[in-house]
Amino acid sequence: MTTVMKPSTRPLTTAEIAALALSLAHMGSGPQAITARRGLRHAFEHMELDDEVIATTLETLTSPMPPATADRARTIANAITSRLVIRLHYRDVTGRITVRDVDPVTCMVHREYWYLVGMCRMRHAIRAFRFDRIVATEPTFMPARPHMVDNFLPFQGKRAA
């Protein structure tokens, strides 16, 4: 196998990392997925990531999702790409399930959890929905309103206390 090295022009953005990682996370655990995740891990080795929170996040980014979560992640990724509202059946921290229409913006990982970040139409506010609390996803045919990804990254730049 040939190793290709090109001079780096700029580091990956948070949105680019999230998109790559989400694509890899719901690929499953086949040989191509394993190689792709190894490549993502290698890309991170060249960044300054010495924080424990970052290390946990990296482990989550490069691990396959459970199959049911991966199915929901594919629906979420399709909604982001298609710029369509997604309907979530979401279990909050108390166990209450609500149905929410969300303008999906991006997905991200913070520590050991994946999140869908978007504008919740029920709350009329930016929200981060933990994947493991999303009970079901439904695609809709409603166009999502455009939102800038950089305005929707709730954990960006925050460190654990």
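Residues numbered from 1 in each chain as written. Predicted model: local features only at pLDDT ≥ 70, side-chain atom pairs only at ≥ 80, totals over all residues. Heavy atoms only, no water.

Student: Would you explain the packing of aromatic side chains in this entry?
Tutor: Aromatic ring pairs are defined here through the distance separating the ring centres and the angle between the ring planes. Applying the stated criterion across every chain yields a total of two aromatic pairs. Residues tyrosine 90 and phenylalanine 129 carry aromatic rings whose centres are separated by 5.0 Å and whose planes lie at 80° to one another, so their mutual orientation is edge-to-face. With tyrosine 90 in strand E1 (residues 84-91) and phenylalanine 129 in strand E4 (residues 125-130), this residue pair connects regions lying 39 residues apart in the sequence. The two residues tyrosine 90 and phenylalanine 129 agree in class, both being buried. For arginine 130, the ring lying beneath its charged end belongs to tyrosine 113, and the centroid distance is 3.5 Å. (Phe/Tyr/Trp six-rings, centres within 6.5 Å; stacked < 30°, edge-to-face > 60°. Helix = DSSP H or I, 4+ residues; strand = E, 2+ residues; numbered from the N terminus. Buried < 20%, exposed > 50% of the residue type's maximum accessible area, 1.4 Å probe, protein only. Lys NZ or Arg CZ within 6 Å of the ring centre and 35° of its normal.)

Student: Can you help me understand the pairing of strand E3 (residues 113-120) in this one?
Tutor: On any regular strand, side chains alternate: one points to one face of the sheet, the next to the other face. Most of E3 sits inside the fold, with seven of its eight residues counted as buried. In this structure, strand E2 (residues 97-110) lies alongside E3, joined through eight bridges in antiparallel fashion. Within E3, the residue paired with valine 109 across the bridge is tryptophan 114. Counting the residues in the hairpin turn of E2 and E3 gives two residues, including arginine 111, whose phi is positive at 55°. Taken together, the six bridges between E3 and E4 define a ladder with antiparallel strand orientation. By the bridge assignment, methionine 119 is partnered in E4 with isoleucine 126. The antiparallel pairing of E3 with E4 creates a hairpin that spans four residues between the two strands, and histidine 124 there sits at a positive phi of about 55°. (Pairing = 2+ DSSP bridges.)

Student: Just checking my understanding: could you explain the sheet that holds strand E5 (residues 134-143) for this structure?
Tutor: Backbone-to-backbone hydrogen bonds join strands into a sheet, with any given pair of strands oriented parallel or antiparallel. In spatial order, the strands read E4-E3-E2-E1-E5; together these five strands make up an open sheet with antiparallel pairing. Taken across any chain shown, the strands that pair with only one partner, and hence form the sheet edges, are E4 and E5. The mean inter-strand angle of the sheet, taken between neighbouring strand axes irrespective of direction, is 45°. Each of E1, E2, E3 and E5 touches helix H4 (residues 67-82); the most contacted strand, E5, lies at about 20° to it. (Axes fitted to C-alpha atoms, helices over the stretch in contact; angles between N-to-C directions. Contact = heavy atoms within 4.5 Å.)

Student: Explanation requested: the environment of alanine 128 in the structure shown.
Tutor: One can find alanine 128 in strand E4. Take alanine 128: its relative accessible area is 27%, and that puts it in the partly exposed class. Each C-alpha atom, one on alanine 128 and one on tryptophan 114, is 9.3 Å from the other, the two residues being 14 residues apart in sequence.

Student: Even after reading the chapter, I still don't get H4, so can you show me in this structure?
Tutor: Quick reminder: α-helices carry 3.6 residues per turn. Residues three or four places apart thus point the same way. With 16 residues, H4 should cover 22 Å at 1.5 Å per step; its first-to-last C-alpha distance of 22 Å lies within 8% of that length. Of all the residues in H4, the buried ones are Thr69, Ala70, Arg72, Ala73, Ile76, Ala77 and Ala79. Once H4 finishes, arginine 83 follows within two positions and takes phi at roughly 60°, a positive value. (Expected span 1.5 Å × (residues − 1).)

Student: Please explain the nonpolar core as it appears in this structure.
Tutor: The tendency in soluble globular proteins is for nonpolar side chains to be buried side by side. In terms of nonpolar packing, the biggest core is built from 24 residues, with Leu22, Trp114, Leu116, Phe129 and Phe131 touching the most fellow members. Elements that contribute at least two residues to this core include exactly helix H1 (14-25), H4, E1, E2 and E3. At five residues, H4 tops the list of elements feeding residues into this core. (Core = buried A, V, L, I, M, F, W, Y, C linked by side-chain atoms within 4.5 Å.)

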